[in-house]
Amino acid sequence: MSDTNNISAAEAVAKAAKEAFEASQLIPAEERVKALYEIRKELEGAKKEILAANRRDLEAAQLEVDADRMSSSMLKRLDLGKDDKWDSMLQGVTDVAGLPDPNGVVTYANELDDELELYRVSCPIGVLLVIFEARPEVVINIAALAIKSGNAAILKGGHESNQTSQLLSKAIQTALSRTSIPSSYIQTIQTRAEVSALLSLDQYIDLVIPRGSNSLVRSIKNNTRIPVMGHADGLCSVYLDEAADLDKAVRIVLDSKTNYPAACNAVETLIVHESLLSTVWPAVAKALLAADVQLLCDAPTLSALSSLSPAPANFSTHVHPSTPDAYTIEHLNLTLSVIAMPSLAEAIRFINAHSSHHTDSIVTEDPAAASMFCRGVDSAGTFVNVSTRFADGFRYGFGTEVGISTGRIHARGPVGLEGLVTYKYMLKSRGDKGHIVGEFGIGEGKKKYKHKRIDAHSVPFLS
């Protein structure tokens, strides 16, 4: 297809999404909730067909892994039938349906003059362009959040999940046909050329959300004028403070690394206080080695393990000296970079210099150290005695998430419904003659603004 045809096709998709968004603003919130239950019902009926398509995607992806053209971590993310992923996807739809409507919430109310009231009210962003890799359940996660929050969405999944994504999209379209929400409210596209064309259509698309690798996010940011909300690497760390409890340290580090190594909230760097090198660190290391984790250690942590007697059985194959770049790599597998630090302050400086500002955790029994860590670490999530794997919209109670933002504007951390709304100002005069600016000023006979806060939870003239 020529560039002209790509642009024409992409513009048709974007324009249809914008029109669907504008039309949907007068559809009651109850209809959006109905649409979510219809989507769940359709998915349940099509489960066998969808999982069969997912197996075909997995078979094709395995060939890519065998040919060294795809990482094993991406293959794991692709499997929709693994563990409880399918059930979690359906539960996410139900959970989002049950959440309060994020729109119409008054976040500021002020009486400017007698019978002149100003309200700041939450409202949808508009049309979202969401680009993601591998994980096919993202189609449903984002569709659910978009519908509930009142946003239209255009979705582009990775080619590796193409067959699965097509059937998931078909289920969404079929479900929407049983509601008053336009079918073009949630659309999917298939090619990179379409993405490139859509990135230039800022007159129709209001926000781009890339969910995937660092290279994907940076590529999107460099090729569009549209605001972008996304995260780069999930380079998370756990710091074992000098006041760390041994049992907690073992549990938390082990879960952070091994629960799901391919996730962006898995720990990639372990920082150990120097005072723990002969106590807590060896116990943590033994647990990690027993779980088949490869350890990339700096000189102090490596020396502490080298003196163990007897040495762990897999010491020679699983413990290696680290290199400087080991602390800037998102391993996404059973590999963990380890480094010793002389103080909490140094650990904080190290994290801020090397992490991706995603999620970092401290293990400590010292409240002052916990407070210092949470305030000093510049990340979207700062945890105390908690696995980094808790950094997730579903676990936070958001129903699901469109991704985890490591930026500061306009949302940070797991992005659920609240991250998909903005606000507008609504001003209404209840005066007999209305209100005009010319009546206000400093001179004689001029009115002065009251600027009196109103305790309001809704906008009276909208109810």
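So, a few notes on the structure that sits alongside this text. This one's a predicted model, so the numbers in the text were calculated from it and none came from an experiment.

Each value, and the rule that gives it
Residues numbered from 1 in each chain as written. Predicted model: local features only at pLDDT ≥ 70, side-chain atom pairs only at ≥ 80, totals over all residues. Heavy atoms only, no water. Helix = DSSP H or I, 4+ residues; strand = E, 2+ residues; numbered from the N terminus. Buried < 20%, exposed > 50% of the residue type's maximum accessible area, 1.4 Å probe, protein only. Contact = heavy atoms within 4.5 Å. Areas by Shrake-Rupley, 256 points an atom, 1.4 Å probe, with all protein chains shown as cover. Lys, Arg positive; Asp, Glu negative; His and termini not counted. Charge placed at Lys NZ, Arg CZ, Asp CG, Glu CD. Core = buried A, V, L, I, M, F, W, Y, C linked by side-chain atoms within 4.5 Å. Salt bridge = Lys/Arg side-chain N within 4 Å of Asp/Glu carboxyl O. Polar contact = N/O pair within 3.5 Å; in protein donor to acceptor, adjacent residues only side chain to side chain. Phe/Tyr/Trp six-rings, centres within 6.5 Å; stacked < 30°, edge-to-face > 60°. Axes fitted to C-alpha atoms, helices over the stretch in contact; angles between N-to-C directions. Parallel < 35°, antiparallel > 145°, perpendicular 65-115°, else oblique. Nonpolar A, V, L, I, M, F, W, Y, C, P; charged D, E, K, R; others polar. Pairing = 2+ DSSP bridges.

Here we look at the overall build of the protein chain
When you go through the protein chain residue by residue, the secondary structure sums to 16 helices and 17 strands. With the C-alpha coordinates of the protein chain rotated into their principal frame, the extents come out at 90 × 60 × 40 Å. Within the protein chain, the proportion of its 463 residues that are buried is 53%. Counting only contacts in the protein chain whose residues sit at least 6 apart along the sequence, the fraction spanning at least 24 positions is 75%. About 20,900 Å² of surface is accessible on the protein chain, with carbon and sulfur atoms providing 52% of the total. Separation of charge centres in the protein chain, based on 46 positive and 56 negative side chains, amounts to 4 Å.

Considering the nonpolar core
Membership of the largest hydrophobic core comes to 71 residues, with the highest contact counts inside it found for L43, I147, I154, I186, L198 and I205. Excluding anything up to four places from it in sequence, I147 contacts R32, A35, L36, I39, L176, I181, Y185 and I186. Residues V250, V253, L288 and V363 belong to the second largest nonpolar core, which totals 32 residues.

Examining the side chain of D392
With respect to the helices and strands, the residue D392 is situated in the loop between β13 (381-384) and α16 (393-396). For the buried D392, no salt bridge is present, and the opposite-charge side chain at shortest range is R395, 4.2 Å distant. Polar side-chain contacts of D392 include one of 2.9 Å to the backbone nitrogen of F394. In this view, D392 contacts N265, E401 and P414; residues no more than four positions away in its chain are not counted.

A closer look at the packing of aromatic side chains
Taken as a whole and assessed by the stated rule, the structure comprises five aromatic pairs. Each ring, one from Y119 and one from F461, has its centre 6.1 Å from the other, and the planes form 70°; the classification is edge-to-face. Placement of the pair is Y119 in strand β2 (residues 116-124) and F461 in the segment after β17 (452-453), with a sequence separation of 342 residues. Owing to a relative accessible area of 2%, Y119 belongs among the buried residues under this scheme. Here the aromatic rings of F440 and Y449 are separated by 4.4 Å at their centres, their planes lie at 5°, and the arrangement is stacked.

Some thoughts on the packing of helix α11 (residues 280-290) against helix α12 (residues 299-306)
Contact pair α11 / α12: the axes reach a minimum separation of 10 Å and the direction vectors enclose 80°. With respect to each other, α11 and α12 are oriented roughly perpendicular. For the pair α11 and α12, contact is made by W281, P282 and A285 and by T301, A304 and L305, respectively. Grouping the amino acids of the contact of α11 with α12 by side-chain chemistry returns five nonpolar, one polar and no charged.

What to know about the sheet that holds strand β4 (residues 152-156)
In spatial order, the strands read β5-β4-β3-β6; together these four strands make up an open sheet with parallel pairing. In the strand order of this sheet, the two ends are held by β5 (186-189) and β6 (207-211), each with one partner. Across the sheet, the axes of successive neighbouring strands diverge by a mean angle of 20°, strand direction being ignored. Where helix α9 (residues 214-221) meets the sheet, its contacts fall on β3 (127-132) and β6, and the angle it forms with β6 comes to roughly 160°.

Observations regarding the sheet that holds strand β11 (residues 335-341)
Read across the open sheet, the seven strands follow the order β10-β9-β11-β8-β7-β12-β13; overall the sheet is parallel. Both edges of this open sheet fall to β10 (319-321) and β13, since each of them pairs with a single strand only. Each neighbouring strand pair of the sheet contributes to a mean axis angle of 20°, computed without reference to strand direction. This element, α11, spans β7 (236-240), β8 (267-273), β9 (294-297), β10 and β11 of the sheet and lies at about 145° to β9.

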